[in-house]
Amino acid sequence: VTNGGFSYWPGGKEANDWGTNYAGHFLIMAQLKGYFVPNELLEGVINFQKMKANNWEMINKRDGLTQSYRLLFLAKEKLIQNERTKWHIQFKKSNA
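Residues numbered from 1 in each chain as written. Predicted model: local features only at pLDDT ≥ 70, side-chain atom pairs only at ≥ 80, totals over all residues. Heavy atoms only, no water.

(A) Spatial organisation of the packing of helix α1 (residues 17–32) against helix α2 (residues 39–54). α2 packs onto α1 with a crossing angle of 135° between their chain directions and a minimal axis gap of 10 Å. With respect to α2, the element α1 is oriented oblique. For α1 against α2, the interelement crossing comes out left-handed. Where α1 abuts α2, its residues Asp17, Thr20, Asn21, Gly24, Leu27, Ile28 and Gln31 lie against Asn39, Leu41, Leu42, Val45, Phe48, Gln49 and Lys52. Residue composition of the contact of α1 with α2, by class: six nonpolar, six polar and two charged. (Axes fitted to C-alpha atoms, helices over the stretch in contact; angles between N-to-C directions. Helix = DSSP H or I, 4+ residues; strand = E, 2+ residues; numbered from the N terminus. Parallel < 35°, antiparallel > 145°, perpendicular 65-115°, else oblique. Left-handed = near helix turned anticlockwise from the far one by under 90°. Contact = heavy atoms within 4.5 Å. Nonpolar A, V, L, I, M, F, W, Y, C, P; charged D, E, K, R; others polar.)

(B) Focus on α2. Along its 16 residues, α2 runs 22 Å from first to last C-alpha, staying within 8% of the 22 Å computed at 1.5 Å per residue. Buried within α2 are the following residues: Leu42, Gly44, Val45, Ile46, Phe48, Gln49 and Ala53. (Expected span 1.5 Å × (residues − 1). Buried < 20%, exposed > 50% of the residue type's maximum accessible area, 1.4 Å probe, protein only.)

(C) Structural context of α1. Under the 1.5 Å per step criterion, the end-to-end length of α1 is 23 Å for 16 residues, consistent within 8% with the ideal 22 Å. Taken residue by residue, α1 has Gly19, Thr20, Asn21, Ala23, Gly24, His25, Leu27, Ile28, Ala30 and Gln31 as its buried positions. Residue Asn16 occupies the N-cap position of α1, its side-chain oxygen lying 3.1 Å from the main-chain nitrogen of Trp18. Backbone geometry just downstream of α1 places Gly34 in the positive-phi region, at approximately 100°. (Polar contact = N/O pair within 3.5 Å; in protein donor to acceptor, adjacent residues only side chain to side chain.)

Shown next, in the form of C-alpha cells:
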C-alpha cells in the first residue's frame with residue numbers, strides 16, 4: 001500500500017495493521033539473516049508503524065495486541081539499526 005503498510009490480501013487498497021506487523025517483522029528478520037531487503041520498503045514500513053504507534057487508540061482488546069506487536073517490531077528494528085551502526089564504526093576504525 002502506498003502509505004508503507006501492507007494489505008492483508010494481494011491488491012488490497014488499505015493497510016492491515018496485524019498483517020503489516022507480521023510482514024515488517026519478517027522483513028527485519030530476513031535482513032538480519034543476510035537477505036536483501038530494499039531500504040525504501042523497510043523505511044516505508046518503519047514510518048507507517050511509527051505513525052500508527054503515535055496515533056494509537058485502544059478500542060478493543062485486539063487493538064492492544066496489535067499495538068504490542070507493533071512496538072515489538074519497532075524495538076527490534078531499533079536494536080538491529082544500533083548493531084549496524086556499531087559494526088560500521090568498528091569497520092571504519094579497523095580500516096583507518
